[in-house]
Amino acid sequence: MSPNTLALSPSRQNLWRLILIRLLVLLAQSVSVLAAYLSGWFPLPWTPLLLALGGSALVSILTLLRLRRDWPVTSLEYGLQLLFDMFIHSVLLYYSGGPTNPFVSYYLVPLTIAAATLPWFFTAVLAVVAVTSYSALLVWYVPLTAFDVPLGGGLVSLHVIGMWLNFAMSAGLISLFVVRMADALRQHAEHLAERREQSIRDAQLLGIASVAAGAAHELSTPLSTMSVLLKDIRKDYAEPELQEDLAVLQEQVRLCKESLQHMVRSAEDNRRQPERVEPADDWLRALLARWQLMRPEVSWQWAALPQGAAPSLRASPELGQAMLNLLNNAADACPEQLRISLAWDQRCITLHIRDRGPGVPLHIAEQLGTAFLTTKGKKGFGLGLFLSQAAVERIGGTVRLFNQCEGGTLTEVTLPIAQEIRHER
């Protein structure tokens, strides 16, 4: 387990908060004992009280030093820390009035923390300890001689004041810290859920990659055969119209072969050098030039770039293929009047692809981007957007689709800026 994982684990964060609670309570307990000693209202056994407070301070310091090490915080350790708090509280109560002490209900604070952060077994054990300790204090304790003291010409009940202070302190600790502890657990659970979803997506990507590798190998031979046959047919038939159609077929076969070769080269380049840094505008120009050769029938317009030097991005074969998938999706929706724009700010690079198609059906909008889910019917496989999202999210970006009021879809791609270099135009 890595140090970063340990530092962000909810048990470790909760132990930090528990030590903070203990130090705050220790401060309040020390002030109360000091006030009782200076006022002379309560003749208490000072030595065992000071030893208990000193033991609590020592354990807190040792725990803080322990948290500086990269050791995992287990539920057992966390439960023992809460048990120690109950033990110190019982010792203090034994020497300061037992059940007559207004702070006796503080047992509920560590018990509430356990219920919010620990499995039920530890909570049940701590509940038994709390009830047993409270019950024992009903019989064995050092009584206090007085709770009513003269103040301002009358008697003031310190028991009532202590009950109020205990209620206010307990309510504040439970509201502030226990809520944060439970929130840390919820965030940890959400993180685990995201990791599980990412694992499922990685497994799907691996399966798709295996199928794609097999398909590339199988398609190579028939494409070569088609290319040879088309050359022979063009030699045998001289009709102009047929020659024109055969030339188009030859060009399409050539593009298919180049795509397969590019896929193989990209995989090899990705293995040797996963990514490179280049200006966003140069990268997009090269990508659009390649896409125009693939889709010559599509009419599109590139919006004017913002003023100033374009930031750099981390370009990779996967990112280029992801953008080609998104461009092809927009062209499939409507091959006319596509609008492509590039913008940036201090944080990210934003690419917009605006098409004039029918838009995304609302009943599948939330599921769009799932593997094998498509809006193209039998013409699509449902992999383009899924693979594009995976590639963009891999480098820290996002892909979002928006239906437009006037019709069509706006595809928004945000990419992080590579801070290593910046190029002047």
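Procedures and definitions
- Residues numbered from 1 in each chain as written.
- Predicted model: local features only at pLDDT ≥ 70, side-chain atom pairs only at ≥ 80, totals over all residues.
- Heavy atoms only, no water.
- UniProt positions renumbered as here; feature names shortened; annotations may be inferred.
- Helix = DSSP H or I, 4+ residues; strand = E, 2+ residues; numbered from the N terminus.
- Buried < 20%, exposed > 50% of the residue type's maximum accessible area, 1.4 Å probe, protein only.
- Contact = heavy atoms within 4.5 Å.
- Areas by Shrake-Rupley, 256 points an atom, 1.4 Å probe, with all protein chains shown as cover.
- Core = buried A, V, L, I, M, F, W, Y, C linked by side-chain atoms within 4.5 Å.
- Axes fitted to C-alpha atoms, helices over the stretch in contact; angles between N-to-C directions.
- Parallel < 35°, antiparallel > 145°, perpendicular 65-115°, else oblique.
- Left-handed = near helix turned anticlockwise from the far one by under 90°.
- Phe/Tyr/Trp six-rings, centres within 6.5 Å; stacked < 30°, edge-to-face > 60°.
- Patch = residues over 30% accessible without salt bridge, like charges linked within 9 Å, V, L, I, M, F, W, Y side chains within 5 Å.
- Salt bridge = Lys/Arg side-chain N within 4 Å of Asp/Glu carboxyl O.
- Pairing = 2+ DSSP bridges.
- Nonpolar A, V, L, I, M, F, W, Y, C, P; charged D, E, K, R; others polar.
- pLDDT = per-residue confidence, 0-100.

If you check an unreviewed UniProt entry, the protein chain appears there as histidine kinase from Halopseudomonas sabulinigri. UniProt, in the comment section headed Catalytic activity (unreviewed entry), describes the protein chain in these words: "ATP + protein L-histidine = ADP + protein N-phospho-L-histidine."

S.K.: Hey, could you go over the overall build of the protein chain for me, with residue numbers and the actual values?
M.R.: Secondary structure assignment for the protein chain yields eleven helices and nine strands. Looking at the protein chain as a whole, 36% of its 425 residues qualify as buried. A separation threshold of at least 6 residues defines the contact pool for the protein chain, and within that pool the share at least 24 residues apart is 72%. With the model as given, the accessible surface of the protein chain reaches about 25100 Å², and the carbon-plus-sulfur share is 62%.

S.K.: Now, about the nonpolar core: what can you tell me, with residues and values included?
M.R.: Residues Trp-283, Trp-291, Leu-313, Met-323, Ile-349, Val-413 and Leu-415 are the most contacted members of the largest nonpolar core, which totals 33 residues. Among the elements of the structure, helix H9 (280-294), strand S5 (312-315), helix H10 (317-333), strand S6 (338-344), strand S7 (348-354), helix H11 (384-394) and strand S9 (409-416) are those that each provide at least two residues to this core. Per element, the largest residue contribution to this core is eight residues, and it comes from H10. When sequence neighbours within four positions are dropped, the list of residues in contact with Leu-313 reads Arg-276, Val-277, Glu-278, Ala-280, Trp-283, Leu-319, Ile-349, Leu-415, Pro-416 and Ala-418. Listed in part, the 21 residues of the second largest apolar core include Leu-18, Tyr-106, Ile-113 and Leu-118.

S.K.: Help me get a handle on the environment of Glu-251, residues and values and all.
M.R.: Examined against the element boundaries, Glu-251 turns out to sit in helix H8 (residues 240-272). The spacing of Glu-251 and Ser-227 is 24 residues in sequence and 9.3 Å in space, taken between C-alpha atoms.

S.K.: Any details on the packing of H9 against H10? Residues and values, ideally.
M.R.: Look at H9 against H10: their axes get within 11 Å of each other, and the N-to-C directions meet at 50°. Considered as vectors, H9 and H10 are oriented oblique to each other. Crossing angle aside, the handedness with which H9 passes H10 is right-handed. In this structure, H9 uses Trp-283, Leu-287, Leu-288, Arg-290, Trp-291 and Met-294 to contact H10, whose residues at the interface are Leu-319, Gly-320, Gln-321, Met-323, Leu-324, Leu-327, Asn-328 and Ala-331.

S.K.: Describe in detail the packing of aromatic side chains, supporting the description with residues and values.
M.R.: What the rule picks out here adds up to five aromatic pairs. Geometrically, the ring pair formed by Tyr-94 and Tyr-95 is edge-to-face, given 4.8 Å between the ring centres and 85° between the ring planes. Note on Tyr-95: relative accessible area 24%, which makes it partly exposed. An aromatic cluster is built from Trp-120, Phe-121 and Phe-122, whose rings are joined through pairwise contacts.

S.K.: Lay out a nonpolar patch on the surface in plain terms, naming residues and giving numbers.
M.R.: A surface patch of nonpolar side chains, about 550 Å² in accessible area, is lined by Tyr-94, Tyr-134, Leu-138, Val-139 and Trp-140. On the basis of relative accessible area, Tyr-134 is assigned to the partly exposed category, the value being 32%.

S.K.: Could you give an account of the environment of Tyr-95, naming the residues involved and the relevant values?
M.R.: Examined against the element boundaries, Tyr-95 turns out to sit in the loop between helix H4 (75-94) and helix H5 (108-117). Along the backbone, Tyr-95 and Leu-49 are 46 residues apart, and their C-alpha atoms lie at a distance of 7.1 Å.

S.K.: Just give me the short version of the pairing of S9, but keep the residues and values in it.
M.R.: When you tally the buried positions in S9, you get seven out of eight residues, the bulk of the element. Two elements, S7 and S9, share seven bridges in a ladder whose sense is antiparallel. For Leu-351, the partnering residue across the bridge sits in S9 and is Val-413. Pairing between strand S8 (residues 398-403) and S9: six bridges, direction antiparallel. Across the sheet, Thr-398 pairs through a bridge with Thr-414, a residue of S9. The loop that links S8 with its antiparallel partner S9 comprises five residues; one of these, Gly-407, has a positive phi angle of about 105°.

S.K.: Got a sec to walk through the UniProt feature "transmembrane region" (unreviewed entry) in the protein chain? Specific residues and values, please.
M.R.: Cross-referencing UniProt, the feature "transmembrane region" (unreviewed entry) maps to residues 45-65, 107-131 and 164-182 in the present numbering. Annotated as 88% helix and 0% strand, the span residues 107-131 places its first and last C-alpha atoms 9 Å apart.

S.K.: A description of the packing of H4 against helix H6 (residues 120-137) should follow, citing residues and the corresponding values.
M.R.: Where H4 contacts H6, the two axes come as close as 11 Å, and the packing angle between them is 10°. By the criterion of interaxial angle, the relationship of H4 to H6 is roughly parallel. The residues of H6 that touch H4, namely those facing Ser-75, Leu-76, Gly-79, Leu-82, Leu-83, Met-86, Ser-90, Leu-93 and Tyr-94, are Phe-122, Leu-126, Val-129, Ala-130, Ser-133 and Leu-137. Here the contact of H4 with H6 is composed, by residue class, of eleven nonpolar, four polar and no charged.

S.K.: Describe the environment of Arg-234, with residues and values.
M.R.: Its place among the elements puts Arg-234 in helix H7 (residues 158-236). Between the C-alpha atoms of Arg-234 and Glu-244, which are ten residues apart in sequence, the distance is 9.5 Å.

S.K.: Talk me through the confidence of the model for the protein chain; I want residue IDs and the actual numbers.
M.R.: When pLDDT is averaged across the protein chain, the result is 75; 71% of the residues are at 70 or more. Taken element by element, the predicted model of the protein chain shows its lowest mean pLDDT in helix H1 (residues 3-8) (38) and its highest in S7 (91). Segment residues 1-8 is flagged for pLDDT under 50; beyond a separation of four residues in sequence, or across chains, it makes nine contacts in the model. This stretch, residues 369-373, has a pLDDT under 50; its non-local contacts, to residues over four places away or in other chains, come to 16 contacts.

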